[in-house]
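# Structural description and commentary
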Amino acid sequence: MSAKSQTIEHVVLFNVKDETDSTKINSMITNLNSLTSLDQVLHLTAGPILRNRSSSFKFTHLLHSRYKSKEDLNGYAIHPNHLSVVKESVLPICDDIMAVDWVSDLEGPMVVKSGSAMRLTFLKLKEDLGENEKGKVLDVIGGIKDRFDSIDQISFGENFSARAKGFSIASVAVFPGLSELDGLDSSEEMVKEEKEKVKDLLESVIVLDYVVPASKSANL
């Protein structure tokens, strides 16, 4: 079993405005992915969302990155290169942005390989829930990997970003590829059992599927 390492997870969801020129979208993705070269970044991938299973929010693209500490995440956030990409490539074409950050005891590789499929889940809990109920939700998420062999890695925790729109618990499940992710949905009874355990505690849920694109930096 791999040793666990405390990792800061950072996910940003973007909604690109309708009718945006494809060259501007491609430029945004390229420039976001270029941030992987910053010293603070352990892993970074950005690209289009494959499937948005949420009815309450419309998002088209995402960025997922990892850091050793909150200080490193902050260093990334205020880095001139990052600020430039946000100002010049992101804000002009996006009309909604949401960011979720959490601390995870990560087991397995820090870098998510190209071609891997990811399911990202964000939970907004009902108001006035106690720590016991919150702990129950986290325990259910933590036990998912043991029930589904197709999951390579799962990361979860409580959000500490001020830009999460009230969503307080997040998780990322990594699969070898899209076929394994799709196979999860074929296990309807098991998936339903997991949802039943926490559905009464939830106000809103965002579920997104994403496939990590090939790294262009390897060709430079």
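Residues numbered from 1 in each chain as written. Predicted model: local features only at pLDDT ≥ 70, side-chain atom pairs only at ≥ 80, totals over all residues. Heavy atoms only, no water.

### Observations regarding the UniProt feature "domain: Stress-response A/B barrel" (unreviewed entry) in the protein
The feature "domain: Stress-response A/B barrel" (unreviewed entry), as given by UniProt, occupies residues 8-102 and 117-210 in the numbering adopted here. In this annotation, residues 117-210 is assigned 38% helix and 33% strand; the end-to-end C-alpha distance for the span is 6 Å. (UniProt positions renumbered as here; feature names shortened; annotations may be inferred. Helix = DSSP H or I, 4+ residues; strand = E, 2+ residues; numbered from the N terminus.)

### Observations concerning helix α3 (residues 80-90)
Residues spaced three or four apart along an α-helix point in a common direction, a consequence of the helix completing one turn every 3.6 residues. All buried positions along α3 are accounted for by H82, V85, S89 and V90. With its buried residues spanning 75° around the axis, α3 presents them on a single face. Of the exposed residues in α3, those oriented more than 90 degrees away from the buried face are P80, K87 and E88. Next to the buried residues of α3 lie β1 (4-16), α1 (22-33), α2 (70-77) and β5 (94-107). (Buried < 20%, exposed > 50% of the residue type's maximum accessible area, 1.4 Å probe, protein only. Arc of directions from axis to C-beta. Contact = heavy atoms within 4.5 Å.)

### Here's the deal with the environment of D18
Considering the arrangement of structural elements, one finds D18 in the loop between β1 and α1. D18 sits 80 residues away from M98 along the chain, and the two C-alpha atoms are 18 Å apart. Separated by 3.1 Å, the side chains of D18 and K58 make a polar contact. (Polar contact = N/O pair within 3.5 Å; in protein donor to acceptor, adjacent residues only side chain to side chain.)

### Describing the packing of helix α4 (residues 131-142) against helix α7 (residues 188-198)
Axis separation between α4 and α7 bottoms out at 9 Å; the angle between their running directions is 165°. One element, α4, and the other, α7, form an angle in the roughly antiparallel class. The way α4 lies across α7 gives a crossing that is left-handed. In this structure, α4 contributes K136, V137 and V140 to the contact, and α7 contributes E194, K197 and V198. (Axes fitted to C-alpha atoms, helices over the stretch in contact; angles between N-to-C directions. Parallel < 35°, antiparallel > 145°, perpendicular 65-115°, else oblique. Left-handed = near helix turned anticlockwise from the far one by under 90°.)

### Remarks on unusual backbone geometry
A positive phi is found at E19, a non-glycine position, where the angle reads about 70°. Of note, E19 is situated in the loop between β1 and α1. Judged by relative accessible area, E19 falls into the exposed class, the value being 80%. Its identity is not glycine, yet K165 carries a phi of approximately 55°, on the positive side. Relative to the assigned elements, K165 resides in the loop between β7 (153-158) and β8 (169-175).

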